[in-house]
Structure formats: structure tokens, C-alpha cells
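As a plain string of letters, each chain reads:
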Amino acid sequence: MTDVPSLRAALLDWYDAHARSLPWRAPPGATTKTAPYRVWLSEVMLQQTTVPHAAPYFERFTTRWPTVADLAAVEDAELMAAWAGLGYYARARNLLACARAVTAEYGGVFPQTETELLALPGVGAYTAAAVAAIAFDQPANVVDGNVERVMSRLFALETPLPAARPELRRLAALFVYDDRPGDWAQALMDLGSGVCRPRSPLCDQCPLAFGCEGLKTGTPERYPLKTKKAERPHRRGHAYVLTDGSGRVALVRRPDKGLLGGMAGLPTSDWSAAPEFTPPVDAGWSAAGSVEHVFTHFSLTLEVHVAEGGGDDFLWTPAEEAAKALPTVFRKALERGLAAA
Ligand code: SF4
């Protein structure tokens, strides 16, 4: 039988001693909570992105735009360029929409309840709960993949994901008290990322080992069980690196809707099983090899082609600046093309 109060106390004690120091975080037990803007920004950045990768972006964003109102005033293209390299670009568009909504509807002050937070553009159940708990110390049930993993192991849950989700949420809620809900949420995050790791949990260092049913089975890493996924499909495409002979590269602005919407990109073909080679201008195109990239729903091989030429329909951009403004898939293609040019 799992003893929730003892497990809870053990993890909070561990957190008091071992909390990660993160740029967006107040120390354990702090009476002044981290500003909601910083919690929200960090949570959006951390969706699908690791802490070491997100941290420098967070520092840059909060130095450049210290408040949500400052962020709301940014031009779309400027925000997209600052986001380049973080991936999942729909998040950047939602970030701006949310900052503008908080500024227009709430005078630049984040609302405090989960329900109001959830109504903001791009704010899902996880982010609403995280902001309510961490910034406002409300007893919100903050459940992401890390928490699901910890719960499934603590209770040795034999139901596979995704069917196990409602049950895992119910189990996580057992631990949410009115006392220190923000610290509890962060303690679980730290445990999930540093100790109860996906492949090799460090059970000998875990403050919850005394009550972990998964550990008792001898193979805690088996949890959470998963229903087998269909394989990710593969697509191909052509990317065109057109230079003007004086260090500038032809970029295009991608349509607002769809993958990498609103971002700067290289001219490219469609991405499909058999894409057509249709370069944006007639020039002496030569092959420069290929690059691979994995998106959430498919993997991509981009054949890179290079040529020198001109044209009025492009954003002619110095190569160094282009590399910074492009999302990762196009940056890889640009580097490949310039190396072969
Ligand atoms: S004992 Fe091991 S499996 Fe159980 S919660 Fe701790 S790290 Fe995870």
C-alpha cells in the first residue's frame, strides 16, 4: 500500500536539499514566487526542448523583453527569428498570441486561476497547471511525461500509455496538497528529469525508493508500459541554396499556416515521397549532398542544391545572419550548401 503522506514528505525534503538552480526558478520554500511571466515562458520553451538547450534562449528573451507587455509589442518576424533553433514553431506563434491576450485583456498581469489561464491562446492543461502552482502556489495537478513516468513506476501500473493517462492523472492528484504545491510540482519535475530517468532510473539515489512498487518488481524501467506506435513516415524534398556572389543567400518567408509557418526558410520543393526538382530560378544548379531531419510526425531527407544567381522575389540575407534566423532543418541545408559552393 503506497503511503502518500510519507512519500510526499520525503520528496519535499529531498527537494529542499537538491533542487536544481534554474534561471526561471525561485529557491525551494521562497515566499516571493517566480513571476508568472517567467514560469509561463520557461514552460512553453521546455515543451519538447531540454533544459540546457532552452536556458540560453530564456536568458536572451527575458533580457530583451523583461515583461509580458514587452514581448507582446514585438513584431512577429522578430520573435520568429529569436525563436529559431528552438523548434516546434507553432509554440512561438502561440507565445506571441498569449502575450498579446494577457496585455490586452488583463493589463499585462497574468490571471491566477487554472481556468482563466487555460482560456489563453496556446496554454494547455499542463502549462495552466504549472503556472497556477509555481507562480501562484495553487494546488494544481501538474502532469507531464515526467510525472506520468514517476507515477507509473511508484504504483507499478500495468495499463499501457496512452490508455493509462486518466489513471496516472488521478494518482498524481493524490499528492497535491494545499501545502507547498509549487514546490511539489517542481520537486516531481526534478526527480523525473534527474533520478527517475526514462532509460536508467537511479533508484539507489531516489528518496521514494522505500515506497516504490515498480522498484520492488526488479525492473522499474519497464514502466510506463506503452502501446506500440506506428512507424514515423519518411519524406523527401529539395532545398535550394542560391547565393548572389557577394556573401548573401536567397531566403523566403514561409506561409503563416503549416509546418514552420511564418519562419524564414530556404526555397524548397514540396516534401513528399517523390518531390519534383523545381528550382526557384534558372541557374547552374549543382548537387551538394543531403541532410536528414526528424520532425514529430515524419522524418525528412533534403537534397541540397547550390547555384549563384539573382531574383527579386527573395529576402537577400548575409549568410551568417541567415544561419541564425533559419530553423534547424534549413540551417543544416544552408551549411551543407555553403560548404559545397
Ligand atoms: S525508486 Fe526508482 S523507479 Fe521508483 S520512483 Fe525512484 S527512481 Fe523511479
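Residues numbered from 1 in each chain as written. Predicted model: local features only at pLDDT ≥ 70, side-chain atom pairs only at ≥ 80, totals over all residues. Heavy atoms only, no water.

J.: When you look at the environment of Leu300 in this model, what are you seeing that I'm missing?
T.: Checked against the element boundaries, Leu300 lands in strand 5 (residues 299-308). With 118 residues separating them along the chain, Leu300 and Gly182 place their C-alpha atoms 40 Å apart. In this view, Leu300 contacts His234, Arg235, Arg236, Gly237, Trp271, Val291, Glu292, His293, Phe295 and Val329; residues no more than four positions away in its chain are not counted. (Helix = DSSP H or I, 4+ residues; strand = E, 2+ residues; numbered from the N terminus. Contact = heavy atoms within 4.5 Å.)

J.: Honestly, empty space enclosed by the protein in this entry has me stumped. Any pointers?
T.: Empty space among the atoms can be located by rolling a probe the size of a water molecule over them. With the rule as written, the count across this model stands at two cavities of 30 Å³ or more. The computed volume of the largest cavity comes to approximately 120 Å³. Lining the largest cavity are 14 residues, with Arg153, Cys196, Cys203, Cys206 and Cys212 sitting closest to its centre. Top element by residues in the lining of the largest cavity is helix 9 (residues 145-154). It accounts for three residues. By residue class, the composition of the lining of the largest cavity is 13 nonpolar, no polar and one charged. When its volume is computed, the second largest cavity comes out at roughly 60 Å³. Lining the second largest cavity are Arg8, Ala140, Asn141, Val142, Ala172, Phe175, Val176, Tyr177, Pro181, Trp184, Ala185 and Leu188. Looking at the lining of the second largest cavity element by element, the count peaks at four residues for helix 11 (residues 181-194). The residue inventory of the lining of the second largest cavity, partitioned by class, reads 10 nonpolar, one polar and one charged. (1 Å grid on protein atoms, 1.4 Å probe; cavity = no way out; pocket = protein on both sides within 12 Å on 5 of 7 lines; lining within 4 Å. Points joined across faces, edges and corners; volume = space filled by probe spheres on them. Nonpolar A, V, L, I, M, F, W, Y, C, P; charged D, E, K, R; others polar.)

J.: Just checking my understanding: could you explain the domain arrangement of the protein chain for this structure?
T.: Often the size quoted for an interface is simply the accessible area lost on bringing the parts together. With domains assigned, the protein chain is organised as domain 1 (4-222) and domain 2 (234-340). Of the roughly 710 Å² buried at the junction of domain 1 and domain 2 (both faces included), carbon and sulfur atoms supply 56%. The interface formed by domain 1 and domain 2 includes zero salt bridges. Viewed at the interface, domain 2 and domain 1 are joined by one residue pair in polar contact (both at pLDDT 80 or more). Grouping the constituent residues of the side of domain 1 that touches domain 2 by class yields six nonpolar, one polar and one charged. (Domains from an automatic or database assignment. Buried area = accessible area lost by both parts, 1.4 Å probe. Salt bridge = Lys/Arg side-chain N within 4 Å of Asp/Glu carboxyl O. Polar contact = N/O pair within 3.5 Å; in protein donor to acceptor, adjacent residues only side chain to side chain.)

J.: How should the site of the ligand be read in this particular structure?
T.: Close to the ligand lie Arg153, Cys196, Pro201, Cys203, Cys206, Ala209, Cys212, Leu215 and Pro220. For the ligand, the cavity whose grid points lie within 2 Å of the majority of its atoms is the largest cavity. For the shell around the ligand, the class distribution of residues is eight nonpolar, no polar and one charged. (Near = heavy atom within 4 Å. Sits in = over half its atoms within 2 Å of the grid points.)

J.: Help me out: how do you make sense of the nonpolar core in this one?
T.: As a rule of thumb, soluble globular proteins bury nonpolar side chains together. Within the largest apolar cluster, 74 residues are counted, with the highest numbers of intra-cluster contacts made by Trp40 and Phe61. Looking at this core, the element that brings in the most residues is helix 8 (residues 125-136), giving 10 residues. Counting residues domain by domain, this core receives three or more from each of domain 1 (4-222) and domain 2 (234-340). The residues contacting Trp40, other than those within four sequence positions of it, are Val68, Leu71, Leu95, Cys98, Ala99, Phe110, Val123, Thr127 and Val131. Grouped together as the second largest cluster of nonpolar side chains are 28 residues, Tyr15, Val147, Leu154 and Ala187 included. (Core = buried A, V, L, I, M, F, W, Y, C linked by side-chain atoms within 4.5 Å. Buried < 20%, exposed > 50% of the residue type's maximum accessible area, 1.4 Å probe, protein only.)

J.: For this particular structure, what's the right way to read a positive patch on the surface?
T.: On the surface, Arg199, Lys226, Lys229 and Arg232 cluster together into a positively charged patch. Summarising the element assignment, Lys226 is placed in the loop between helix 12 (213-216) and strand 1 (234-243). (Patch = residues over 30% accessible without salt bridge, like charges linked within 9 Å, V, L, I, M, F, W, Y side chains within 5 Å. Areas by Shrake-Rupley, 256 points an atom, 1.4 Å probe, with all protein chains shown as cover. Lys, Arg positive; Asp, Glu negative; His and termini not counted. Charge placed at Lys NZ, Arg CZ, Asp CG, Glu CD.)

J.: What is the right way to read helix 3 (residues 51-64) from this model?
T.: Here helix 3 contains 14 residues, and its C-alpha end-to-end distance of 20 Å stays within 8% of the 20 Å for a straight helix at 1.5 Å per residue. For helix 3, the set of buried residues is Ala54, Ala55, Tyr57, Phe58, Phe61 and Thr62. Contacts from the buried residues of helix 3 go to helix 2 (36-46), helix 4 (68-72), helix 5 (76-83) and helix 6 (90-106). (Expected span 1.5 Å × (residues − 1).)

J.: How should the UniProt feature "domain: HhH-GPD" (unreviewed entry) in the protein chain be read in this particular structure?
T.: The sites that carry the UniProt feature "domain: HhH-GPD" (unreviewed entry) are, in the present numbering, residues 45-194. When the span residues 45-194 is considered, its composition is 64% helix and 0% strand, and the gap between its end C-alpha atoms is 19 Å. (UniProt positions renumbered as here; feature names shortened; annotations may be inferred.)

J.: Where do I start with the pairing of strand 1 in this structure?
T.: In regular strands, side chains alternate between the two faces of the sheet. Among the 10 residues in strand 1, seven count as buried, and that is most of the element. Relative to strand 5, strand 1 runs parallel, the two being bridged by 10 bridges. Across the sheet, Arg236 pairs through a bridge with Thr301, a residue of strand 5. (Pairing = 2+ DSSP bridges.)

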